[in-house]
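# Notes for the structure review
Single-letter residue listing:
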Amino acid sequence: MHSIRNSFLLLSYNPRPIRELFALGKLLGIYLTKDSIINNFHKVFGYRNENLAIRFYNLLSEGFNGVHIYLPNYCIKLQGLVDGYPMQLNIFGFRMLDSKKTGEVWAEDISDILVNALSHCPNSQKDLTYTDLVG
C-alpha cells in the first residue's frame, strides 16, 4: 500500500508543496486531476503517453471530467492491483481498454492503445495508424 500512496503523490496536483501539506497534516488537500495525471504519468509509469494517462484518469473518475481524485478513492480503484488476483487484474485491464465506459471493448479500443503505445516506443520507426494495424 505504501507504493500506491507514493504513486498517488507523484501523480498529484498540489496547490502547495507536499512537505508543507504533510507538516500541516492536510493530506486531504492533495488530489489528482486529469492534467496532473497527464503531466506526471511518466513519473510513475516510466514513459509519457497522454492516451493511457487519459484512460487512467477516466477509470479513476468513472468517465466524468473535472473530478478531483483523492487518496481514498485512488486506493479503492487500485485495490485489485494490490491484491493481484487474476480476475481483478483482468477487470482493471478491461476497464483501461473500455475507453467509452460502455462495458464493451471494440477493435478500435485495442487499436487505439496499440497505436499510441507504439508511437511512444523509442524503437518505433514510423507513426502507425488504425489502417496500418488492420490492413
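This text goes with the structure placed above it.
Model, not experiment: these values are computed from the prediction. (Residues numbered from 1 in each chain as written. Predicted model: local features only at pLDDT ≥ 70, side-chain atom pairs only at ≥ 80, totals over all residues. Heavy atoms only, no water.)

## Some words on the packing of aromatic side chains
This structure, assessed with the given rule, holds 5 aromatic pairs. Relative to F56, the ring of F45 lies with its centre 5.6 Å away and its plane at 75°, an arrangement referred to as edge-to-face. Residue F45 is located in helix α3 (residues 34–45), and its partner F56 is located in helix α4 (residues 50–61); the two are separated by 11 residues in the primary sequence. An aromatic cluster is built from F8, F41, F45, F56 and Y74, whose rings are joined through pairwise contacts. (Phe/Tyr/Trp six-rings, centres within 6.5 Å; stacked < 30°, edge-to-face > 60°. Helix = DSSP H or I, 4+ residues; strand = E, 2+ residues; numbered from the N terminus.)

## Regarding the environment of E108
Residue position: E108 is located in helix α7 (residues 107–119). Taking relative accessible area as the criterion, E108 reaches 46% and is therefore assigned partly exposed. Separated by 10 residues in the primary sequence, E108 and D98 place their C-alpha atoms 9.9 Å from one another. (Buried < 20%, exposed > 50% of the residue type's maximum accessible area, 1.4 Å probe, protein only.)

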